[in-house]
Amino acid sequence: MSPAKADIDVFFVIADPTRRAILDRLRAGPAPVNEIAAEFSQSRPAISKHLRVLKASRLVTEEKVGRERLYTLRPAPLQKAMAWLEGYRAFWGRNLESLKRYLEDT
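Everything numeric here is computed off the predicted structure, so don't read it as measured data. (Residues numbered from 1 in each chain as written. Predicted model: local features only at pLDDT ≥ 70, side-chain atom pairs only at ≥ 80, totals over all residues. Heavy atoms only, no water.)

Things to note about the overall build of the chain
Phase 1: When helices and strands are counted, the chain shows six helices and three strands.
Phase 2: Ordered by position from N to C terminus, the α and β elements of the chain give α-α-α-β-α-α-β-β-α.
Phase 3: For the chain, the spread of C-alpha atoms along the three principal axes comes to 70 × 25 × 20 Å.
Phase 4: Looking at the chain as a whole, 27% of its 106 residues qualify as buried.
Phase 5: Considering only contacts within the chain whose residues lie at least 6 apart along the sequence, 51% involve residues at least 24 apart.
Phase 6: Carbon and sulfur atoms make up 56% of the accessible area of the chain, which amounts to about 7400 Å² in all. (Helix = DSSP H or I, 4+ residues; strand = E, 2+ residues; numbered from the N terminus. Buried < 20%, exposed > 50% of the residue type's maximum accessible area, 1.4 Å probe, protein only. Contact = heavy atoms within 4.5 Å. Areas by Shrake-Rupley, 256 points an atom, 1.4 Å probe, with all protein chains shown as cover.)

The following block contains the structure:
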């Protein structure tokens with residue numbers, strides 16, 4: 001899937017472990033690409049590609065500060081994924097409660 005499609009599918013974006021790790025890193029606060037890349041074994045250009053996908057999905061913003069570009073987490077698009085997962089949380093909660101009652105009755 002191209003980065004242009006990523007902005008409509010947050011699941012594609014968070015499916016990649018490197019992008020999830022970058023999002024986790026940005027929870028600590030904004031960071032320039034060199035600082036982010038230093039935490040990974042991948043090359044800086046590879047991390048830059050991941051950041052472009054994250055930016056296209058609106059999960060991060062890029063701001064030029066002096067000679068650097070700072071990337072900041074914007075988690076609002078993750079609400080789509082959270083809403084989807086919430087349905088499964090309710091499903092498993094009901095089913096586990098039923099299992100608990102069944103096991104206690106037998």
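Past the structure itself, the notes keep going.
Details of the nonpolar core
Phase 1: Judged by nonpolar contacts, the single largest core of 19 residues is most densely connected at Ile22, Leu26, Ile36, Ile47, Leu51, Leu54 and Tyr71.
Phase 2: Secondary-structure elements contributing two or more residues to this core are helix H2 (10-14), helix H3 (17-26), helix H4 (33-37), helix H5 (44-56) and strand S3 (68-73).
Phase 3: Those residues in contact with Ile47 that lie beyond four places of it in its chain are Thr18, Ile22, Val33, Ile36, Ala37, Phe40 and Gln42. (Core = buried A, V, L, I, M, F, W, Y, C linked by side-chain atoms within 4.5 Å.)

Observations concerning a nonpolar patch on the surface
Phase 1: Side chains of Trp84, Leu85, Tyr88, Phe91, Trp92, Leu96, Leu99, Tyr102 and Leu103 sit close together on the surface and give an oily, nonpolar patch of about 990 Å² of accessible area.
Phase 2: With respect to the element layout, Tyr88 can be found in helix H6 (residues 78-105). (Patch = residues over 30% accessible without salt bridge, like charges linked within 9 Å, V, L, I, M, F, W, Y side chains within 5 Å. Salt bridge = Lys/Arg side-chain N within 4 Å of Asp/Glu carboxyl O.)

With respect to the pattern of salt bridges
Phase 1: Summed over the entire model, instances satisfying the criterion amount to seven salt bridges.
Phase 2: As a salt-bridge pair, Arg25 and Glu39 come within 3.1 Å of each other at their nearest N and O atoms. Placement of the pair is Arg25 in helix H3 and Glu39 in the loop between H4 and H5, with a sequence separation of 14 residues.
Phase 3: For Arg25, a relative accessible area of 13% translates into the label buried.
Phase 4: Glu97 is the salt-bridge partner of Arg101, the closest N and O atoms lying 3.8 Å from each other. Taken together, the residues span about one helical turn, with Arg101 and Glu97 both in helix H6 at a distance of four residues.

What to know about the sheet that holds S3
Phase 1: The three strands lie next to each other as S1-S3-S2, forming an open sheet whose pairing is antiparallel. Only two strands of the sheet have a single neighbouring strand rather than two, namely strand S1 (31-32) and strand S2 (60-65).
Phase 2: Two strands pair when backbone bridges link them, and S1 and S3 are joined in this way by two bridges, in the antiparallel orientation. Directly across from Pro32, in S3, lies its bridge partner Leu70.
Phase 3: Docked against the sheet, H3 engages S1, S2 and S3, running at close to 95 degrees with respect to S3. (Pairing = 2+ DSSP bridges. Axes fitted to C-alpha atoms, helices over the stretch in contact; angles between N-to-C directions.)

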